[in-house]
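Letter by letter, the chains look like this.
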Amino acid sequence: MFKETLHILHGVFLWRMLRLKYAIDYKKVVLVPVNEVRDLDYYALAHLEDYMERKYAKEAIVLYEGKDTYHLAEEVLAEYGSGGNKVRLCPCDRKTIETIYDYYSFHKFFDNIVFTYAFRPEDNLLGKVLSETQVNEEDAVCLGLYRLRMVLPLRKKDKRIETCSTISL
């Protein structure tokens, strides 16, 4: 119990550091594509503009881990853009992402953050829904993760992408 409490407190500390480093507030959204289900990450990035409109955000922070996720983010944002909004691609290591997610699972500390986990924690039903029903990844992103009213058609737009330096926490 003591180790779990320290782990959650570490998540609090890491979130506060990220919030200060990137000036995260309710005018920004944070997307964390975790590279579990590639199509889920793809549609989360492709519909990022729709999520930003729903949250009235002017900027998005995409915390990614690994070159695969970075290349996917660049590819999707180059194709669909961000609707003139600023999108920052910021590297973050796997342990930091997992610790912040554990803290988020314990306490929903910010409404404008989305993780694309499908199989973590064990009682997460998203992976089961995707594999056992006719719900596809785009439906799951729009209706489940982003809570949009409907699955909106993808639009090709201009892009404004900025890359951040490596996080050192």
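Preceding this section is the structure that the text describes.
Every value quoted in this text rests on a predicted model; they were computed, and no experiment measured them.

The rules behind each value
- Residues numbered from 1 in each chain as written.
- Predicted model: local features only at pLDDT ≥ 70, side-chain atom pairs only at ≥ 80, totals over all residues.
- Heavy atoms only, no water.
- Helix = DSSP H or I, 4+ residues; strand = E, 2+ residues; numbered from the N terminus.
- Rg over C-alpha atoms; globule rule 2.2 N^0.38 Å.
- Buried < 20%, exposed > 50% of the residue type's maximum accessible area, 1.4 Å probe, protein only.
- Contact = heavy atoms within 4.5 Å.
- Patch = residues over 30% accessible without salt bridge, like charges linked within 9 Å, V, L, I, M, F, W, Y side chains within 5 Å.
- Areas by Shrake-Rupley, 256 points an atom, 1.4 Å probe, with all protein chains shown as cover.
- Salt bridge = Lys/Arg side-chain N within 4 Å of Asp/Glu carboxyl O.
- Lys, Arg positive; Asp, Glu negative; His and termini not counted.
- Charge placed at Lys NZ, Arg CZ, Asp CG, Glu CD.
- Phe/Tyr/Trp six-rings, centres within 6.5 Å; stacked < 30°, edge-to-face > 60°.

**Some thoughts on the overall build of the chain**
- Secondary structure assignment for the chain yields seven helices and five strands.
- Beginning at the N terminus, the succession of helices and strands in the chain can be written as α-β-α-α-β-α-β-α-β-α-α-β.
- Taking 2.2 N^0.38 as the reference for a compact globule, 169 residues should give roughly 15 Å; the C-alpha atoms of the chain span a radius of gyration of 15 Å, in line with that estimate.
- Projected onto its principal axes, the C-alpha coordinates of the chain cover approximately 50 × 40 × 30 Å.
- Relative to its full complement of 169 residues, the chain shows a buried share of 47%.
- Across the chain, every contact between residues at least 6 apart in sequence was considered, and the portion connecting residues at least 24 apart equals 77%.

**Quick word on a positive patch on the surface**
- A contiguous patch of positive charge on the surface is contributed by Arg54, Lys108, Arg147 and Arg149.
- Accessibility expressed as a relative area gives 84% for arginine 149, which makes it exposed.

**Observations concerning the pattern of salt bridges**
- Evaluation of the coordinates by the stated rule reveals four salt bridges.
- Between arginine 120 and aspartate 102 there is a salt bridge, and its shortest N-O distance comes to 3.1 Å. Here arginine 120 is found in the loop between strand E4 (113–115) and helix H6 (126–132), whereas its partner aspartate 102 is found in helix H5 (residues 94–106), with 18 residues between them in sequence.
- Looking at arginine 120, the relative accessible area reads 24%, which means it is partly exposed.
- Ionic contacts of the salt-bridge type, sharing partners, join the residues Lys28, Glu59 and Arg88 into one network.

**Structural notes on the packing of aromatic side chains**
- Counting across every chain of the model gives 13 aromatic pairs.
- Between the aromatic rings of tyrosine 64 and tyrosine 70, the centroid separation amounts to 5.1 Å while the plane-to-plane angle is 40°, which identifies the pairing as tilted. Considered together, tyrosine 64 and tyrosine 70 belong to a single accessibility category, that of buried residues.
- On the basis of an interplanar angle of 70° and a centroid distance of 4.9 Å, the ring pair of tyrosine 101 and phenylalanine 115 is categorised as edge-to-face. With tyrosine 101 in helix H5 and phenylalanine 115 in strand E4, the pair connects residues that are 14 residues apart, well separated along the chain.

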